[in-house]
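Structural description and commentary
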Amino acid sequence: MYLQFFFLCLGAASIPASFAYVNWMLHMSGYVLFGGIVGLALGEWAGVGSKPVRLLWAGMLVIIAAANIVGLGMAS
């Protein structure tokens, strides 16, 4: 629990003040993304069928695409 504030502040130090609102979005997206990856790696999704797993992968791809779009927006 403590590490979330460490990473939130680490991100806030790396993002310009005009884009401070982006930090929370990236932070929470990371939680969802890495939670899904860890869940798949530890077998928490075993036996649920292929449709929910495909939906999880699709959601993770949307998160990755959204983070890249935000990154491109901050770069320009």
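Use the structure listed above.
For clarity, every value in this text was computed on a predicted model and none was experimentally measured.

1. Quick look at the overall build of the protein
For the protein, the count of helices and strands is three helices and zero strands. Computed over its C-alpha atoms, the radius of gyration of the protein comes to 15 Å, more than 25% above the 11 Å expected for a compact globule of 76 residues. Residues classed as buried in the protein amount to 21% of the 76 residues present. Split by element, the accessible area of the protein, about 5,600 Å² in all, is 76% carbon and sulfur.

2. A look at the layout of surface pockets
A volume near 230 Å³ is recorded for the largest pocket. For the largest pocket, the lining is made up of 11 residues, of which Phe7, Asn23, Leu26, His27 and Gly30 are closest to its centre. Ranked by residue count, the leading element in the lining of the largest pocket is helix α2 (residues 20-41), at six residues. Residue composition of the lining of the largest pocket, grouped by class: five nonpolar, six polar and no charged.

3. Some thoughts on a nonpolar patch on the surface
A cluster of nonpolar side chains, contributed by Leu3, Phe6, Phe7 and Leu10, occupies part of the molecular surface with about 410 Å² of accessible area. If you trace the backbone, Phe7 turns up in helix α1 (residues 2-14).

4. Brief notes about the environment of Ile15
By the element assignment, Ile15 lies in the loop between α1 and α2. Note: C-alpha distance between Ile15 and Gly43 (28 residues apart in sequence) is 35 Å. Excluding residues that lie within four positions of it along the chain, Ile15 makes contacts with Ala20, Asn23, Leu26 and Met74.

5. Thoughts on the environment of Leu26
Along the chain, Leu26 turns up in helix α2. Between the C-alpha atoms of Leu26 and Gly36, which are 10 residues apart in sequence, the distance is 15 Å. Beyond its immediate stretch of four places on either side in the chain, Leu26 contacts Ile15 and Ala67.

What counts and what doesn't
Residues numbered from 1 in each chain as written. Predicted model: local features only at pLDDT ≥ 70, side-chain atom pairs only at ≥ 80, totals over all residues. Heavy atoms only, no water. Helix = DSSP H or I, 4+ residues; strand = E, 2+ residues; numbered from the N terminus. Rg over C-alpha atoms; globule rule 2.2 N^0.38 Å. Buried < 20%, exposed > 50% of the residue type's maximum accessible area, 1.4 Å probe, protein only. Areas by Shrake-Rupley, 256 points an atom, 1.4 Å probe, with all protein chains shown as cover. 1 Å grid on protein atoms, 1.4 Å probe; cavity = no way out; pocket = protein on both sides within 12 Å on 5 of 7 lines; lining within 4 Å. Points joined across faces, edges and corners; volume = space filled by probe spheres on them. Nonpolar A, V, L, I, M, F, W, Y, C, P; charged D, E, K, R; others polar. Patch = residues over 30% accessible without salt bridge, like charges linked within 9 Å, V, L, I, M, F, W, Y side chains within 5 Å. Salt bridge = Lys/Arg side-chain N within 4 Å of Asp/Glu carboxyl O. Contact = heavy atoms within 4.5 Å.

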